[in-house]
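Take a look at the letters that make up each chain.
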Amino acid sequence: MGIHIIKMPDIGEGIAEVELVEWHVQAGDAVVEDQVLADVMTDKATVQVPSPVHGRVMSLGGKVGDVMAVGTELIRLEVEGEGNEGAIGTTTRAETPAPAAASAAPSSAPVSGPEPDMRETAPSGPAPVAAAPTPARAVLAPHAASHAPSRPEGQRPLASPAVRRRAWDLGITLQYVPGTGPIGRITHGDLDAWLARDRNATSHRTTGTLYAARDEETEIPVIGLRRKIAQKMQESKRRIPHFTYVEEIDVTELESLRARLNVQHSTERGKLTMLPFLARAMVLALREFPQINARFDDEAGVVTQYGAVHLGVAAQTPSGLMVPVLRHAETLDLWSCAAEVARLAEAARQGKAARDELSGSTITLTSLGALGGIVSTPVINHPEVAIVGVNRVVERPVFQEGRVVARKLMNLSSSFDHRVVDGMHAAEFIQCIRRYLECPALLFVE
């Protein structure tokens, strides 16, 4: 038998390190050639690492969430023959059962990490007497059937001034505390017993009801795509001075046109949403405002303007927010645009989008309209300089030529990089989009 070490592969594009986001095997598992061992994530995509050989897993080279350099040991396999690290020696054979030994440990023990701080371990006996008095008195009222008054109504409970003071500080009503001292006197021990009983009752008193007390805490590691999203958002907000401009658009005529086109062409061409019209309006407006279809390299101090419109379309996936790129949006008609957006969104949701489909955008379009909301402040997809956000369509009464009429209105909430886009140009850009959307015939006129 031999050892075969699989190292973190070179993903390409000059990537020096990747994040380990999922293991598909564990120590002791048998694997076959081409079986997926792990998922790793770069800045752009998730990549699966397959096994080149048959064998059995001896050890894993990292844990989920670790950032690993290309070329480091990812996994160690026991294989037939010598493998790529030679035959297994006696020392190696003695060490291999370690994972099994670790797995035999009680499930309550941590697998790794620092020893627990014993100072925080809950004592096995009653709560200590030397608790600090609470500044504000919170009364521990009776809340369980077992907490009935322990003495007849009107009978004064017997307790020393020190016990009464402590009960006041703790918010305990002495009328409900049974006394075990002489002639029913309440002692400090009785208060301790009441506190322990009260804590136990609190944890069970309303389980399964609408008002159940809930004290659980869940720690969720921020890894994988969620970590990349967090880093991207933080970087964008840190580097870009955002300003947001909101404008109301009358989309009554646009919605009427969209409905007619769907009635006439949806069977053979597919159904149109609002997004292809927005994409077309942006393409035309960017011809008049090329400084907004740009990327800003703030380290080099260079703004690059693009003739091609590579439109990022923000899409929510089970793993988090992704921005697939609609390349050369200027070349697509409404139905081609709709079909490509649907294809990209589905690929992103299934985790099958290629790396070049998730990078290279020159401006981004994001829509929360289906979820409601009338205003948003979208975050720019660095190093772009603008993002256009779409809010929901609502029907409202509007004065028009002296009459009150019902119109369909929608807000565009858009953010710009104030370092390279002036407020006037941003406003004019959105007003240009508005003209196209409010008179949709202009979308088809060169």
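Residues numbered from 1 in each chain as written. Predicted model: local features only at pLDDT ≥ 70, side-chain atom pairs only at ≥ 80, totals over all residues. Heavy atoms only, no water.

So what about helix H6 (residues 252-269)? Which residues, and what values?
When the local axis directions of H6 are compared, the greatest deviation, roughly 50°, occurs at Val263. Along H6, the residues that are buried comprise Thr252, Leu254, Glu255, Leu257, Arg258, Leu261, Asn262 and His265. Each element contacted by the buried residues of H6 is listed here: strand S9 (242-250), helix H7 (275-288), helix H8 (334-349), strand S18 (403-417) and helix H9 (423-438). (Bend = angle between axes of the 7 residues up to and from the residue. Helix = DSSP H or I, 4+ residues; strand = E, 2+ residues; numbered from the N terminus. Buried < 20%, exposed > 50% of the residue type's maximum accessible area, 1.4 Å probe, protein only. Contact = heavy atoms within 4.5 Å.)

Could you give an account of the sheet that holds strand S6 (residues 55-60), with specific residues and numbers?
A sheet is described by the order of its strands in space; here four strands give the open sequence S1-S8-S6-S3, paired in antiparallel fashion. On the outer flanks of this sheet lie strand S1 (2-7) and strand S3 (30-31), each paired with one strand and no other. As paired strands, S6 and strand S8 (residues 73-79) are joined by four bridges and run antiparallel to one another. Its bridge partner being in S8, Arg56 is matched across the sheet by Glu78. (Pairing = 2+ DSSP bridges.)

With reference to specific residues and values, describe the nonpolar core.
In this structure, Ile292, Leu311, Ile363, Phe416, Phe429 and Ile433 are the most contacted members of the largest nonpolar core, which totals 51 residues. Here the element with the most residues in this core is H7; it accounts for 10 residues. Sequence-distant contacts of Leu311, defined by excluding residues within four places in its chain, comprise Ala279, Met282, Pro324, Val325, Leu326, Ala329, Ile363, Thr364 and Leu365. Trp23, Val49, Leu74 and Leu77 belong to the second-largest nonpolar core, a separate cluster that totals 20 residues. (Core = buried A, V, L, I, M, F, W, Y, C linked by side-chain atoms within 4.5 Å.)

Please provide a residue-by-residue account of empty space enclosed by the protein, values included.
Regions of empty space are outlined by a rolling probe, equal in size to a water molecule, passed over the atoms. Throughout the structure, instances matching the rule amount to two cavities of 30 Å³ or more. Computed from the structure, the largest cavity encloses a volume of approximately 40 Å³. Taken together, Pro276, Ala279, Arg280, Val283, Ala329, Leu332, Asp333, Leu334 and Cys337 form the lining of the largest cavity. When contributions to the lining of the largest cavity are tallied by element, the ones reaching two or more residues are H7 and H8. Element by element, the count of residues in the lining of the largest cavity is highest for H7, at four residues. Partitioned by chemical class, the residues of the lining of the largest cavity number seven nonpolar, no polar and two charged. When its volume is computed, the second largest cavity comes out at roughly 30 Å³. Along its surface, the second largest cavity is lined by Leu311, Val313, Pro324, Val325, Leu326, Val341, Leu344 and Ala345. Elements represented by at least two residues in the lining of the second largest cavity include exactly strand S12 (311-313), strand S15 (325-326) and H8. Of the residues that constitute the lining of the second largest cavity, the class distribution is eight nonpolar, no polar and no charged. (1 Å grid on protein atoms, 1.4 Å probe; cavity = no way out; pocket = protein on both sides within 12 Å on 5 of 7 lines; lining within 4 Å. Points joined across faces, edges and corners; volume = space filled by probe spheres on them. Nonpolar A, V, L, I, M, F, W, Y, C, P; charged D, E, K, R; others polar.)

Now, about the packing of aromatic side chains: what can you tell me, with residues and values included?
According to the stated counting rule, one finds three aromatic pairs in the structure shown. Geometrically, the ring pair formed by Phe416 and Phe429 is edge-to-face, given 6.4 Å between the ring centres and 90° between the ring planes. Here Phe416, found in strand S18, pairs with Phe429, found in helix H9; they are 13 residues apart in sequence, far enough to count as distant. Stacked on the ring of Trp335, the Lys or Arg Arg269 has its end atom at 4.4 Å from the ring centre. (Phe/Tyr/Trp six-rings, centres within 6.5 Å; stacked < 30°, edge-to-face > 60°. Lys NZ or Arg CZ within 6 Å of the ring centre and 35° of its normal.)

Geometry only, nothing functional implied.
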